[in-house]
Amino acid sequence: MPQPRPAPSFVRPLIASLWLAFAAVAHAAPAADIRALAQQEERPLLDTLRDLVQIESGSKDIEGLNQIAERIAGQLKQLGGAVEILQATDIYRLDDTPEKIGPAVQAVFKGTGSVKIMLIAHMDTVYLKGMLKDQPFRIDGDKAYGLGIADDKQGVATIIHTVALLQKLNVKDYGTLTVLINGDEEISSPGWRSTITRVAAEQDAVFSFEGGSTLRLATSGIGSAYLTVQGKSSHAGARPEGGVNALYELSHQVLQMKDLSKAEQGLKLNWTVSKSGTNRNVIPAEAMAQADARALKVSDFDELEKALQDKIKTHLLPDSKVDVKFELRRPPLEANDASRRVADHGKTIYQELGMSLNVAERATGGGTDAAFAALKTKGAVVEGMGLSGFGAHSNDAEYVQINSIVPRLYLTTHMIMDLSNGKVK
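This text gives an overview of the structure that appears in the document. Only a predicted model underlies this, so the values are computations on that prediction, with no experimental measurement involved.

Here we come to the overall build of the protein chain. Broken down by element type, the protein chain carries nine helices and 16 strands. Expressed along its principal axes, the backbone C-alpha trace of the protein chain runs to roughly 125 × 45 × 40 Å. Here the protein chain, with 425 residues, has 52% of them falling under the buried criterion. For the protein chain, restricting intrachain contacts to residue pairs at least 6 apart in sequence, the fraction spanning at least 24 positions comes to 81%. Accessible surface for the protein chain amounts to roughly 20,100 Å². Of this, 52% is attributable to carbon and sulfur atoms. For the protein chain, the separation between the mean place of its 47 positive charges and that of its 51 negative charges on side chains is 3 Å.

A few words now on the side chain of D184. Looking at the element boundaries, D184 is found in the loop between β6 (176–182) and α4 (193–200). One buried charged side chain, D184, makes no salt bridge at all; its nearest oppositely charged neighbour is R193, positioned 7.0 Å away. From its side chain, D184 meets the backbone nitrogen of G191 in a polar contact 2.7 Å long. Within the structure, the side chain of D184 is placed 3.2 Å from the backbone nitrogen of W192, a separation counted as a polar contact. D184 has contacts with I101, D124, S189, P190, G191 and W192, leaving out every residue within four places of it along the chain.

This part takes up the packing of helix α2 (residues 62–78) against helix α3 (residues 149–168). Relative orientation of the contacting elements α2 and α3 amounts to 20°, with a least axis distance of 10 Å. Judged by the angle between their axes, α2 and α3 are roughly parallel. Between α2 and α3 the crossing geometry is right-handed. Contacts between α2 and α3 involve I68, I72, Q75 and L76 on the former and, on the latter, K153, V156, I160 and H161. Residue composition of the contact of α2 with α3, by class: five nonpolar, two polar and one charged.

With that settled, the discussion passes to α3. Count 3.6 residues to each turn of an α-helix, and residues three or four apart come out pointing the same way. In terms of residue burial, α3 counts as a mostly covered element, since 18 of its 20 residues are buried. Within two residues after α3, N170 carries a phi angle of roughly 60°, on the positive side.

Now for the environment of V126. Here V126 shows up in the loop between β3 (116–122) and β4 (138–140). Residues V126 and K425, spaced 299 residues apart in sequence, show a C-alpha to C-alpha distance of 39 Å. Contacts of V126, omitting those with residues within four sequence positions, involve E186 and H393.

Here the focus is the sheet that holds β6. Think of a sheet as strands paired side by side through backbone hydrogen bonds, with each pair either parallel or antiparallel. Sheet architecture is open: six strands sit in the order β1-β2-β6-β3-β7-β14, paired in mixed fashion. A single partner strand is all that each edge strand has here, and the edge strands are β1 (82–86) and β14 (380–382). Across the sheet, the mean angle from the axis of one strand to that of its neighbour is 15°, orientation sign disregarded. Note: β3 against strand β7 (residues 205–208), four bridges, orientation parallel. Looking across to β7, one finds that I117 is bridged to A205. Packing of α3 onto the sheet brings it into contact with β2 (104–110), β3 and β6, and relative to β3 it is tilted by some 145°.

An order of β10-β11-β9-β12 is seen for the four strands of this open sheet, with the pairing classed as antiparallel. Both edges of this open sheet fall to β10 (268–276) and β12 (321–330), since each of them pairs with a single strand only. With strand direction ignored, the average angle separating the axes of adjacent strands in the sheet is 20°. As paired strands, strand β9 (residues 221–230) and strand β11 (residues 286–295) are joined by ten bridges and run antiparallel to one another. Looking at β11, one finds that A225 is bridged to A291.

Between two aromatic rings, the relevant description is the distance of the centres plus the angle of the planes. Under the criterion given, the structure shown has three aromatic pairs. A ring pair is formed by Y145 and Y399, whose centres lie 5.3 Å apart and whose planes are at 55°; its orientation type is tilted. Taken together, the residues Y145 in strand β5 (residues 143–145) and Y399 in strand β16 (residues 399–401) connect sequence positions 254 residues apart. Ring centres of F390 and Y399 lie 5.9 Å apart, and the angle between their planes is 40°; this geometry places the pair in the tilted category.

Here the structure, examined in full by the defined rule, presents 18 salt bridges. Between D96 and R329 there is a salt bridge; the shortest N-O distance is 2.9 Å. Taken as a pair, D96 in the loop between β1 and β2 and R329 in strand β12 lie far apart in primary sequence, 233 residues in all. Look at D96 and you get partly exposed, because its relative accessible area is 35%.

Spanning 15 residues, helix α7 (residues 337–351) covers 21 Å between terminal C-alpha atoms, matching the ideal 21 Å at 1.5 Å per step. Those residues of α7 that sit buried are A338, S339, V342, A343, H345, G346, I349 and Y350. In an axial view of α7, the angular spread of the buried residues amounts to 160°, which keeps them on one side of the axis. Of the exposed residues in α7, the ones pointing more than 90 degrees away from its buried face are D337 and Q351.

This paragraph deals with the environment of W192. Locating W192 in the fold gives a position in the loop between β6 and α4. Its relative accessible area of 3% is what places W192 among the buried residues. Ignoring anything within four residues of it in the chain, the contact list for W192 reads L86, Q87, A88, I101, G102, P103, A104, N182, G183 and D184. Side-chain polar atoms of W192 contact the backbone oxygen of G102, separated by 2.9 Å.

How each quantity is defined
Residues numbered from 1 in each chain as written. Predicted model: local features only at pLDDT ≥ 70, side-chain atom pairs only at ≥ 80, totals over all residues. Heavy atoms only, no water. Helix = DSSP H or I, 4+ residues; strand = E, 2+ residues; numbered from the N terminus. Buried < 20%, exposed > 50% of the residue type's maximum accessible area, 1.4 Å probe, protein only. Contact = heavy atoms within 4.5 Å. Areas by Shrake-Rupley, 256 points an atom, 1.4 Å probe, with all protein chains shown as cover. Lys, Arg positive; Asp, Glu negative; His and termini not counted. Charge placed at Lys NZ, Arg CZ, Asp CG, Glu CD. Salt bridge = Lys/Arg side-chain N within 4 Å of Asp/Glu carboxyl O. Polar contact = N/O pair within 3.5 Å; in protein donor to acceptor, adjacent residues only side chain to side chain. Axes fitted to C-alpha atoms, helices over the stretch in contact; angles between N-to-C directions. Parallel < 35°, antiparallel > 145°, perpendicular 65-115°, else oblique. Left-handed = near helix turned anticlockwise from the far one by under 90°. Nonpolar A, V, L, I, M, F, W, Y, C, P; charged D, E, K, R; others polar. Pairing = 2+ DSSP bridges. Phe/Tyr/Trp six-rings, centres within 6.5 Å; stacked < 30°, edge-to-face > 60°. Expected span 1.5 Å × (residues − 1). Arc of directions from axis to C-beta.

Structure, rendered in structure tokens:
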């Protein structure tokens, strides 16, 4: 039997080229499918945004929060998730924590793999009931406007339609995909911080869907300082020497604490609220002040609290009583190697769209629930997965960029697929 002849030398390169071309097409086809389906998902996502905006859900509006929770839970159930509307039981009481805390929606989708991924956003807003009439949902050009649309109803909608996109692609390679939407982020998450931390501790990656064009691997920690002074009242005209002027002492304390910021390491302390006295002709017996604090490391807050306690030992008026309380409202999120690897992979995914993706490893002042997610997890925590927008917490201009919908759906879907298949190293 004749032996087969070796392929001519010019045939081998041809075969190799054809094989590479086939491999490239095989690789590109799923990416093209993701993009095409993401484009199809744009209009349904806008419809979801419209429905979410039409439900007012301020952090203290329990009725509104219950209503929007039912709406979100309904959509996640339709997508096949094991869905629960949770009520807060482990509440971390802060100075301004309301008596009742809004619910959270949790949905778990089970796959065939082992990787655990978590998607988080919040459904509460900073707005008071009745303000919707001034910011109804509307589309104007490439912008969608509405009350709370950027912070953070776009995040909720983006998560819902990422799950829908995964299902249309028949992606089930993950172990579990957990969605957690809480109703108290704007008041520092007193009811759901412990849940976020507990569930996130089990995850390989957590994506947080606050808006923005930049992925953030670090966010500032947020703290509050409460300074109180007890003096003694007296007639301001007839016998001022008989009083202990709490306003004088408060002023002294604030001035001696004004230089505790350390800009070079991202530590900021700014006194923002003060109150004293009851009548013009009465020496004030009580005075108070509040400060906003920001830090990039938990240890900086510890040092700041110690510095505050040391400062109040020095009085202007020896007979005054001074007390300071420091409150950690939200810890900082610090970048880790796992987060860097995931974010770098995100850059590669965006390049498939012919776009660049910015990643910030240094915080700029804002704090989010991503920090609670990072407290006990060894996995990646990435903030800023939501849509690009502007005007959060404003009275008439909050919007999202419609042209950011497809890229963000593509990014999140592709990232979940690649993490599930071990492609992120």
